[in-house]
Amino acid sequence: MKGLLPPLLLLGLTVWAAPRGVPVCERPHVPASAVAVPFAEDVQRAMDALVRAELARGPHVGLAVGVRWGERRWVGTYGSRDKARGLPATPRTTWRMASITKTFTAVAVMQLVERGRIDLDADIRTLVPSWPEKRWPVTVRQLLGHLGGVTNYGRFGPSHDTGPLDTAGSLALVAGYELEAEPGTRFIYSTWAYNLLGAAIEAVSGRSYGEYLREHVFAPAGMEHAALDDRRTRDGHHAVGYRLRDGQLVPSKVVDVSGRFAGGGTRASIEDLLDYGGALLDYRLVSRASTGLMQTSMSTRDGRLTDYGMGFATWPLRGHYVVAHAGAQPETSTLLLLLPGEDVAIALASNVEGQAASLRRIAYGIIALLLEDEGSRLNARRQDAVDAVVNEGLGRVFGYGLAYHLWATRGPGKLPGTGGLPEAFEQVTRLLDRTAIARDPKATRERILTAHGPSEDWLFIRVGAQMARTMEEALGPERLRSYPARGPLAFFNDYLAVCETRNCPEPFRFNEVLRADLRRFTAGNIEPSQH
């Protein structure tokens, strides 16, 4: 067992009951690739051209890209896994996963929650008694959402990566640091918080972290080559790492990541990572209910969304609900991006450091290629600062509303909020009224930037989702799928047209001032879709 932490049952400690409403997931050992079919050849060529265009932007060594959309699947590999030896990157190549490891840890924790072995709201010291008592207790839920106040890399130098560390040694790196904030009050991204969760997994399961992942995460997902990234067990298929220095590619610094074990210490192939994404989308690792919890953004105590759930970042992208995690370490850059409302998984890995922006551009380009090829985009003509604020509000109602509608109706999510919809529409109408905005555009914009969150009772999400629901009922799902390409003006204009035919109650039609702004923004402004 990695480390010396005994299982709870040997300590005679109480085992917590599973929360109600979180069913245990059945986990058949069937990899998603077993039923995969290829994309059409023209789509494959288009994705390949998109990737090659991105690689042409600057120096690169090796890259792997995997895409899964329903049963369709494509994997492309580019360049070298080892430049000096002239070895190509292949689907079999393994890459450091870096912080994507946190998603494996979160899945493992939620499996144990489903089995009644971990309580999300338990003090972590009840599971890991070796962790010193701090000023405040820290719960499992808070650690999963980076709300536990645990410090991160910035508090000390690179000495923690100089040699192998077991679980006890990994925890000892930060055990002496006080919490940086009271738990629940501040988002502090922390690899060490996830090491605490890794220790809890070991204590509760009686297995080492690596053994637990192999048996309960990697095997059920069909991840044949995934493992802890121990340099002593690497084979010739592992990618050699590089970094850019003064515009030139040089070998990466050699570091041992065993001290980051549950927060960033694994490796896998691109096919492994894509199969893992498929297993998450198919609820083969944790139940639909648990998946929904993991994909729901947490918030601070004062009602600010963190855009991070349990092990995954979440955000709307042009009306898509994105669930993702990136990884950055010496030797690697990685990204796993899921669209649970549209059954899409995109996996990327590079052996060049600092490629986050490039991987994101590839992923966003693939989303546009697969899902946004319908219609022309209406781009608002803005004349002043008030126009800019109104247009930003329209975009956020559209982006959050459509994304959450897709996530709640086709994915594992639930729409937030408890207030009445007529009142919500009236509040949005007042918030986007140009007369009120003109009195203080800056203050209104600041409120608009938080109007999708709990501090405003999720206004933009509830109103935008109701608009999407109304249009899907009237126009069908195919029309709804066109709005990420056509944009917020088309979304609002079509909604108001549907309301005319369906005789929507007056509050649901906004007011004449906002309708006039929409007409003015739209007039003569049909342009080709821009992604």
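Structure first, text after, so check above.
Residues numbered from 1 in each chain as written. Predicted model: local features only at pLDDT ≥ 70, side-chain atom pairs only at ≥ 80, totals over all residues. Heavy atoms only, no water.

A.B. asks: Talk me through the overall build of the chain; I want residue IDs and the actual numbers.
C.D. replies: Counting its secondary structure elements, the chain contains 19 helices and 15 strands. A buried classification covers 57% of the 531 residues belonging to the chain. Long-range pairs, those at least 24 residues apart, make up 75% of the contacts in the chain between residues at least 6 apart in sequence. Counting only carbon and sulfur atoms, one obtains 52% of the accessible surface of the chain, whose full area is about 21,100 Å². (Helix = DSSP H or I, 4+ residues; strand = E, 2+ residues; numbered from the N terminus. Buried < 20%, exposed > 50% of the residue type's maximum accessible area, 1.4 Å probe, protein only. Contact = heavy atoms within 4.5 Å. Areas by Shrake-Rupley, 256 points an atom, 1.4 Å probe, with all protein chains shown as cover.)

A.B. asks: Outline the side chain of Thr103, supporting the account with residue identities and numerical values.
C.D. replies: Mapped onto the fold, Thr103 is located in helix 3 (residues 101-114). A polar atom in the side chain of Thr103 sits 2.7 Å from the backbone oxygen of Ile100. (Polar contact = N/O pair within 3.5 Å; in protein donor to acceptor, adjacent residues only side chain to side chain.)

A.B. asks: Describe the packing of aromatic side chains, listing the residues and the values that go with them.
C.D. replies: Using the criterion set out here, one finds 16 aromatic pairs in the structure. Between Phe187 and Tyr308, the ring centres sit 5.8 Å apart and the planes meet at 50 degrees, which makes this aromatic pair tilted. Residue Phe187 is located in the loop between helix 5 (167-172) and helix 6 (191-205), and its partner Tyr308 is located in the loop between helix 10 (288-294) and strand 10 (313-317); the two are separated by 121 residues in the primary sequence. A ring pair is formed by Tyr321 and Tyr404, whose centres lie 5.1 Å apart and whose planes are at 85 degrees; its orientation type is edge-to-face. Of this pair, Tyr321 sits in strand 11 (residues 320-329) while Tyr404 sits in helix 12 (residues 385-410), and the two are 83 residues apart along the sequence. By relative accessible area, Tyr321 is classed as buried at 2%. Three or more aromatic residues link up through ring pairs in this structure, and these residues are Phe398, Phe425, Tyr483, Phe491, Phe492, Tyr495, Phe508 and Phe510. One residue, Arg72, lies across the ring of Trp69, its end atom 4.3 Å from the ring centre. Above the plane of the ring of Trp131 lies Lys134, whose end atom (NZ or CZ) is 4.9 Å from the centre. (Phe/Tyr/Trp six-rings, centres within 6.5 Å; stacked < 30°, edge-to-face > 60°. Lys NZ or Arg CZ within 6 Å of the ring centre and 35° of its normal.)

A.B. asks: Quick one: what's the story with the pattern of salt bridges, residue by residue and with numbers?
C.D. replies: This structure, assessed with the given rule, holds 39 salt bridges. For the salt bridge of Arg445 with Glu392, the shortest nitrogen-to-oxygen distance reads 2.8 Å. With Arg445 in helix 15 (residues 441-448) and Glu392 in helix 12, the pair connects residues that are 53 residues apart, well separated along the chain. With a relative accessible area of 25%, Glu392 lands in the partly exposed category. Within this structure, Arg96, Asp229, Arg231, Arg234, Arg267 and Glu331 form a network of salt bridges that share partners. (Salt bridge = Lys/Arg side-chain N within 4 Å of Asp/Glu carboxyl O.)

A.B. asks: Help me get a handle on the state of the cysteines, residues and values and all.
C.D. replies: Covalent bonding between the sulfur atoms of two cysteines is what defines a disulfide. Taken as a whole and assessed by the stated rule, the structure comprises 1 disulfide. Disulfide pairing is shown between Cys499 and Cys504; the S-S distance is 2.4 Å. Residues Cys499 and Cys504 share a disulfide whose torsion about the S-S bond is about -85 degrees; that sign makes it left-handed. Like Cys504, Cys499 is buried. (Disulfide = S-S within 2.5 Å.)

A.B. asks: Which residues make up the pairing of strand 7 (residues 242-245), and what values do they have?
C.D. replies: Of the strand pairs in this sheet, strand 7 and strand 8 (residues 248-251) are connected by 4 bridges, and their pairing is antiparallel. Note that in strand 8 the partner of Leu244 across the bridge is Leu249. Connecting strand 7 to the antiparallel partner strand 8 that follows it, the hairpin turn spans 2 residues, and Asp246 within it adopts a positive phi of roughly 55 degrees. (Pairing = 2+ DSSP bridges.)

A.B. asks: I'd like a rundown of the packing of helix 12 against helix 19 (residues 512-522), residues and numbers included.
C.D. replies: In the contact formed by helix 12 and helix 19, the axes pass within 11 Å of each other and the chain directions differ by 95 degrees. Considering the angle they form, helix 12 stands roughly perpendicular to helix 19. Of the residues in helix 19, those touching helix 12 at Asp387, Val390, Asn391 and Leu394 are Leu514, Asp517, Leu518, Arg520 and Phe521. Looking at side-chain class alone, the contact of helix 12 with helix 19 contains 5 nonpolar, 1 polar and 3 charged residues. (Axes fitted to C-alpha atoms, helices over the stretch in contact; angles between N-to-C directions. Parallel < 35°, antiparallel > 145°, perpendicular 65-115°, else oblique. Nonpolar A, V, L, I, M, F, W, Y, C, P; charged D, E, K, R; others polar.)

A.B. asks: With reference to specific residues and values, describe the sheet that holds strand 5 (residues 94-96).
C.D. replies: Spatially, 3 strands are ordered 5-9-6 in an open sheet, and the strand pairing comes out antiparallel. Of all strands in the sheet, those bounded by a partner on one side alone are strand 5 and strand 6 (227-228). The strands touched by helix 9 (residues 270-281) within the sheet are strand 5 and strand 9 (266-269), with strand 9 carrying the most contacts at an inclination of about 95 degrees.

A.B. asks: Tell me what's going on with the side chain of Thr332, and back it up with residues and numbers.
C.D. replies: Inspection of the secondary structure puts Thr332 in strand 12 (residues 332-339). Here Arg96 takes part through its backbone oxygen, which lies 2.8 Å from a polar atom of the side chain of Thr332. For Thr332, the side chain forms a polar contact with the main-chain oxygen of Ser350, separated by 3.4 Å. Setting aside anything within four residues of it in sequence, one finds Thr332 in contact with Trp95, Arg96, Ala98, Gly327, Ser350, Asn351, Val352 and Glu353.

A.B. asks: Go over unusual backbone geometry, please, and point to the residues and values.
C.D. replies: The phi dihedral of Asp457 is positive, around 55 degrees, even though this residue is not glycine. Residues other than glycine seldom take positive phi values, yet Asn503 does so here, at roughly 55 degrees. Of note, Asn503 is situated in the loop between helix 18 (483-502) and helix 19.

A.B. asks: Requested: an account of the packing of helix 12 against helix 18, with residues and values cited.
C.D. replies: Two numbers describe how helix 12 lies on helix 18: the axes approach to 9 Å, and their chain directions differ by 125 degrees. Classified by the angle their axes make, helix 12 and helix 18 are oblique. Here helix 12 and helix 18 pass one another in a crossing that is right-handed. Between helix 12, through Asn391, Leu394, Gly395, Val397, Phe398 and Leu402, and helix 18, the contact on the second element is made entirely by Tyr483, Pro484, Gly487, Pro488, Leu489, Phe491 and Phe492. For the contact of helix 12 with helix 18, the per-class residue count stands at 10 nonpolar, 3 polar and no charged. (Left-handed = near helix turned anticlockwise from the far one by under 90°.)

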